[in-house]
Amino acid sequence: MILHTGKSRFNGENFAVVATGFEGTSKNPKTGPMIQLTILPTDTNPLQSNKDYAEKEGNVGHTVCNDCPLINRGCYVNIGFSVTQIYKNMNRGNYETLDYDAFTNESVRFGAWGEPTLIPRKIVRNLVKRIKNWTGYSHQWNKPFAQFYSKYFMASVSNVADKNEANKKGWRTFRIVREASEVLPDEVICPAQTHGTQCIDCGLCKGNSIKAKNIAVLAHSGKAKMAGIMNFLKKGG
């Protein structure tokens, strides 16, 4: 289902917000069968968009990820599989247009790939009114345009300095750490790692819509990507 199409505030290129995983079809073992909202370029294959970003000079952002520090160096999303398949289906005309009723009493993952602050405020508000649970994470927490979304999403950070700054701006944080000893008193380790709780049943990563501690997550990924993530964290995130 296509929820929105528009021009990216990051570089002016076209993007879309696509919902998949209705009727519990998502196989993501961490999130459980949540509806997945993917924010993706419409004119460029997702893999090519990452390559193009790496070759750009200056301050031109990635179409849907802007300046996320994990682009091309540890992002956990398998862009070549799930995101590329969504891109192909979208360009084949396989998706319906927005129907809010389809989300009633469902659980939603805002941003299976892509920056969820690209989703228009009106759509976020209308979805939250209908769904029973959600998750959402933003690397744009320090930008003025993103502040509205602190009510709904977590600030994605990778060091204590950014965590503290995000907290001061009014965000709850989701921080990547290398080991449990790094977790601070106002943080709790993601229940998926401590208790095997799936996101669909958890509800802690809903921004300021709830009062709860910040979340810390132990770095995790496949062997190849893990090396990039750990190197990134060693350099201070």
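It should be noted that the structure appears before, not after, this text.
Keep in mind that what you see is a predicted model, and the values were worked out from it rather than measured.

A. Molecular detail of the packing of aromatic side chains. One pass over the structure, following the stated rule, counts eight aromatic pairs. An angle of 50° between the planes, with centres 5.2 Å apart, marks the rings of Phe-110 and Phe-153 as tilted. Separated by 43 residues along the polypeptide, Phe-110 in strand 4 (residues 107-113) and Phe-153 in the loop between strand 5 (133-138) and strand 6 (154-157) bring together distant segments of the chain. With respect to burial, Phe-110 and Phe-153 carry one shared label: buried.

B. A look at the sheet that holds strand 6. Ordered in space as 1-2-3-4-5-6-7-9-8, the nine strands form an open sheet in which the pairing is mixed. In the strand order of this sheet, the two ends are held by strand 1 (2-7) and strand 8 (187-189), each with one partner. The sheet shows a mean angle of 25° between the axes of neighbouring strands, taken without regard to direction. Of the strand pairs in this sheet, strand 5 and strand 6 are connected by two bridges, and their pairing is parallel. If you follow Tyr-137 over to strand 6, its bridge partner there is Met-154. Sitting on the sheet, helix 2 (residues 79-91) touches strand 1, strand 2 (14-20), strand 3 (35-41) and strand 4, and the angle it makes with strand 3 is about 80°.

C. View of the pairing of strand 3. Counting buried residues along strand 3, seven of its seven residues qualify, which places the element largely inside the surrounding structure. Because side chains alternate across strand 3, one face comprises the buried residues Ile-35, Leu-37, Ile-39 and Pro-41, and the other comprises Gln-36, Thr-38 and Leu-40, equally buried. Two strands pair when backbone bridges link them, and strand 3 and strand 4 are joined in this way by four bridges, in the parallel orientation. In the sheet register, Leu-37 faces strand 4, and the bridge partner there is Phe-110.

D. Broad picture of the pattern of salt bridges. Tallying each qualifying case throughout the model produces four salt bridges. Residues Asp-67 and Lys-143 are paired through a salt bridge, measuring 3.2 Å at the closest nitrogen-oxygen approach. Of this pair, Asp-67 sits in the loop between helix 1 (46-55) and helix 2 while Lys-143 is found in the loop between strand 5 and strand 6, placing the two residues 76 residues apart along the sequence. A salt bridge links Glu-182 to Arg-178; the nearest nitrogen and oxygen atoms lie 3.5 Å apart.

E. Up close: the pairing of strand 6. Both faces of strand 6 are covered, namely the face carrying Met-154 and Ser-156 and the face carrying Ala-155 and Val-157. Bridging between strand 6 and strand 7 (residues 173-177) involves three bridges; their strand directions are parallel. Counted as the bridge partner of Ala-155 is Thr-173 from strand 7. Read as a crossover between parallel neighbours, the route from strand 6 over helix 4 (residues 160-168) to strand 7 is right-handed.

F. Spatial organisation of the packing of helix 1 against helix 2. One can describe the packing of helix 1 onto helix 2 by two numbers: an axis separation of 8 Å at closest approach and a directional angle of 115°. In terms of orientation, helix 1 and helix 2 fall into the roughly perpendicular class. In this structure, helix 1 contributes Pro-46, Leu-47 and Asn-50 to the contact, and helix 2 contributes Ile-79, Gly-80, Val-83, Thr-84 and Tyr-87. For the contact of helix 1 with helix 2, the class distribution of residues is five nonpolar, three polar and no charged.

Rules used in this analysis
Residues numbered from 1 in each chain as written. Predicted model: local features only at pLDDT ≥ 70, side-chain atom pairs only at ≥ 80, totals over all residues. Heavy atoms only, no water. Phe/Tyr/Trp six-rings, centres within 6.5 Å; stacked < 30°, edge-to-face > 60°. Helix = DSSP H or I, 4+ residues; strand = E, 2+ residues; numbered from the N terminus. Buried < 20%, exposed > 50% of the residue type's maximum accessible area, 1.4 Å probe, protein only. Pairing = 2+ DSSP bridges. Axes fitted to C-alpha atoms, helices over the stretch in contact; angles between N-to-C directions. Contact = heavy atoms within 4.5 Å. Salt bridge = Lys/Arg side-chain N within 4 Å of Asp/Glu carboxyl O. Right-handed = clockwise from strand over helix to strand, strands pointing away. Parallel < 35°, antiparallel > 145°, perpendicular 65-115°, else oblique. Nonpolar A, V, L, I, M, F, W, Y, C, P; charged D, E, K, R; others polar.

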